[in-house]
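Understanding the architecture of this molecule
Now for the letters of each chain:
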Amino acid sequence: MKQDKILVLIPTKDRLEDFILFADSWVNTTEGKSDVWVGIDEGDTTYDSVKDKYPFKYVNIKPKPFLEILNEMAIEGAKEYNYVAFLEDDCNFVTEKWESRFIDKLKELGDYGIVWGNDLLNKEYIVGLPFMDSKIIEVLGYMCPPEIKYLWADHFWKYIGNKMNSLFYFDDIIVEHRHYSTGKREKDALSVVVDSKGQEDFHGYKAYIANSAARDITNLQNAKS
């Protein structure tokens, strides 16, 4: 029996201060209806000083593009939780009761529901920080297509949700994304890597739409209970 909770997945690298902001925001807003798994590189000691401060599970993974890390964590997490979420490590929870409201709406949406809150950046335009029914991951075998490594997953999540008519956006639930473009943080070395290598993901996403999207939608429709 899976846990009827949200599993929050947060791969992180070289961003201790941002991670602490996220972790404190979770502590301050949780109702006990979510757990957090933190993905870090094998041998990374950046977070050792705060590991005992928060009730999180730390998953050590061989260094690789962060969407590959997300997929690896999501496949395992989907076996244990009804709902799986992804947050970047420069994000934090602001609004209370987000767990209850997200879970209630996901139950209402049924199979393959995807909800998201106001990130104060892209808002309803794309699904930057998804909270989804774990059946999506189980049916597809991933949380985001293997064709993309760093960027464009947000477009994929909205595409899947639109095709399955299973999306809902909460404008009044703030899950803030402190991306460097907002001026709330500096553009760091990790952002440079993501921006440069992520340019290739535009072509990867287009290849996914052309070659694999129809298959995924058919699989989701056929597996719908």
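That block above? That's the structure.
Computed from a predicted structure; not experimentally measured. (Residues numbered from 1 in each chain as written. Predicted model: local features only at pLDDT ≥ 70, side-chain atom pairs only at ≥ 80, totals over all residues. Heavy atoms only, no water.)

With that out of the way, let us pick up the sheet that holds strand β1 (residues 3-11). Taken in spatial order, the 8 strands make up an open sheet running β3-β2-β1-β4-β7-β6-β8-β5, and their pairing is mixed. Each edge of the open sheet is held by one strand with a lone partner, namely β3 (57-61) and β5 (91-93). Strand-to-strand twist of the sheet, defined as the mean angle between neighbouring strand axes without regard to direction, takes the value 35°. In this structure, strand β6 (residues 114-118) lies alongside strand β7 (residues 131-133), joined through 2 bridges in antiparallel fashion. Paired with V115 across the bridge in β7 is F131. Each of β1, β2 (34-41), β3 and β5 is contacted by helix α1 (residues 16-29), which is oriented at about 15° to β5, the strand it contacts most. Helix-sheet contacts for helix α2 (residues 66-77) involve β1, β2, β3 and β4 (81-86), and the interaxial angle to β1 is about 160°. (Pairing = 2+ DSSP bridges. Helix = DSSP H or I, 4+ residues; strand = E, 2+ residues; numbered from the N terminus. Axes fitted to C-alpha atoms, helices over the stretch in contact; angles between N-to-C directions. Contact = heavy atoms within 4.5 Å.)

When you line up the elements, S212 lands in the loop between α7 (201-211) and α8 (213-223). For S212, a relative accessible area of 7% gives the class buried. At 3.3 Å, the side chain of S212 forms a polar contact with the side chain of E147. With residues up to four places along the chain from it excluded, the contact list for S212 reads E147 and A207. (Buried < 20%, exposed > 50% of the residue type's maximum accessible area, 1.4 Å probe, protein only. Polar contact = N/O pair within 3.5 Å; in protein donor to acceptor, adjacent residues only side chain to side chain.)

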